[in-house]
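Structure at a glance
One-letter residues, chain by chain:
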Amino acid sequence: MKKKVLLMGASGSGKTSMRSIIFSNNPASLTARLGATIDVEQNHVRFLGDLILNLWDCGGQDAFMDSYLTSQRATIFQHVGVLIYVFDVESREMAKDLDYYRDCLEGLRQFSPEAAIFLLVHKMDLIRGEDLKESTLEAKRKELQETSGDLAIEVLGTSIYDESLYKVRAIDSTFISGAAAYLNGLQAWSNIVHTLIPNANILSTHLSKFAQACSATEVILFERTTFLVIATSSPEPQSEEQTSKLSNKRYERTSELIKAFKHSCSRVRGEFHSLEMELAEFTAVLDEMTKNTYVLIVVHDPSIETAAIKLNIRMARRKFE
Ligand code: GTP
């Protein structure tokens, strides 16, 4: 099952930077060296067994955009599962950006009317101050909704310099309360990927059952190479108090930390397989679940042994394949 993801937007808006950080594990500092994308660069990322993301990074220079909209129109816009359109928050050519965006919507309407549409207001780090970030994002959201007419769109503020690229769909709205202005309710790539996963809800139900079997506070499933969050368990009613104490940025922080750790392992030619942490307050085990996923289990009950958690993971593997 291949899902085509179109990544479009003006030249320099940050498309390739995001792609290289998330899918090639490059650090943000290296993105300044990226050259302009020539025509379309295609990447395949295997998610969860059969699900393959077919990512089309479309170079944003005018000549390429014109060609996508004319001679390459059918090739570009057919079979699209998701369109991600990136706007530089400080773009000096917003009118032109919106014209191209409108034309792309028309292409999508013609060839893939069912595609989901995510609009990223990118480089939010350039806006100083939480209040200004919030009002800027709100104004952009309004402008983009007006341009999109009655189409269902999701507008998200993002930046490669914070965790917003990894923001996950919050299962419980209390998880996201207190987040910084433009992170609040923001659901970028994890969220986008989430919309492509068939039966994501069923997966979440299985994870909740698994969490219960392990007496875990929470169980999180990550994609293996990107460490994007695929699904999380939902909290048991009696443990809601405990989960509400957890940081609302825990998913993206974990993704970032593990990626950095994996990077360090590869520098010393080590290979990352699993991780165990036993602290006074909790135990955490991160281990391979399937060929394409890792699972993180967090347990606050001190009577649960790490070995038992690992055994549970081993026993559950076949169910999650
Ligand atoms: P084309 O390939 O020409 O379509 O451009 P692109 O959209 O792929 O842009 P690219 O990813 O090459 O990024 C252009 C510049 O923006 C690079 O110098 C990045 O370092 C910078 N950049 C990307 N994301 C961010 C961000 O979130 N914040 C800031 N401040 N700069 C960013």
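Residues numbered from 1 in each chain as written. Predicted model: local features only at pLDDT ≥ 70, side-chain atom pairs only at ≥ 80, totals over all residues. Heavy atoms only, no water.

The line we're drawing: UniProt positions are given in the numbering used here, feature names are shortened, and annotations may be inferred rather than shown by experiment.
As named in an unreviewed UniProt entry, the protein chain is GTP-binding protein, taken from Ephemerocybe angulata. Here is the UniProt Sequence similarities (unreviewed entry) comment for the protein chain, exactly as written: "Belongs to the GTR/RAG GTP-binding protein family."

Describing the environment of Glu130
The condition is simple: Under the scheme used here, helices are H or I runs from DSSP no shorter than 4 residues and strands are E runs no shorter than 2 residues, and both carry numbers assigned from the N terminus. Relative accessibility under 20% of the residue-type maximum defines a buried residue, over 50% an exposed one, and the middle range a partly exposed one, all with a 1.4 Å probe and only protein chains included.
With respect to the helices, strands and loops of the structure, Glu130 is situated in helix H5 (residues 130–148). Residue Glu130 is classed as partly exposed on the basis of its relative accessible area, which comes to 36%. Residues Glu130 and Asn201 lie 71 residues apart in sequence; the distance between their C-alpha atoms is 33 Å.

Details of the sheet that holds strand E10 (residues 283–290)
Put simply, the rule reads: Only when DSSP finds a minimum of two bridges between them are two strands counted as paired. Helix axes are fitted only over the stretch in contact, all axes being lines through C-alpha atoms; the angle between N-to-C directions runs from 0 to 180 degrees. In this description, contact between two residues means that some pair of their heavy atoms is separated by no more than 4.5 Å.
A sheet is described by the order of its strands in space; here 5 strands give the open sequence E8-E7-E11-E10-E9, paired in antiparallel fashion. In this open sheet, the two strands that pair with only one neighbour each are strand E8 (229–232) and strand E9 (275–278). Strand-to-strand twist across the sheet, computed as the mean angle between neighbouring axes with direction ignored, equals 20°. Across the face of the sheet, helix H9 (residues 250–267) comes into contact with strand E7 (218–223), E8, E9, E10 and strand E11 (293–299) while running at roughly 50° to E7.

Side note on unusual backbone geometry
Residues other than glycine seldom take positive phi values, yet Lys123 does so here, at roughly 70°. Mapped onto the secondary structure, Lys123 falls in the loop between strand E5 (116–122) and H5. Positioned with a positive phi, Ser215 is a non-glycine residue whose angle comes to about 50°. Residue placement: Ser215 occurs in the loop between helix H7 (200–213) and E7.

Notes on the pattern of salt bridges
Convention followed: One side-chain nitrogen of Lys or Arg within 4 Å of one carboxyl oxygen of Asp or Glu is enough to make a salt bridge.
Overall, the coordinates contain 11 salt bridges when judged by the stated rule. The salt bridge partner of Asp88 is Lys123, with a shortest N-O separation of 3.3 Å. Of the two residues, Asp88 is situated in strand E4 (residues 80–88) and Lys123 in the loop between E5 and H5; the sequence distance between them amounts to 35 residues. Ionic pairing is found between Arg109 and Glu106, a salt bridge with its closest N-O pair at 3.5 Å. Taken together, the residues Arg109 and Glu106, both in helix H4 (residues 94–111) and 3 residues apart, mark about one turn of the helix. Relative accessible area serves as the criterion here: at 45%, Arg109 is assigned to the partly exposed category. Here the salt bridges do not stand alone but share partners, grouping Arg19, Glu41 and Asp57 into one network.

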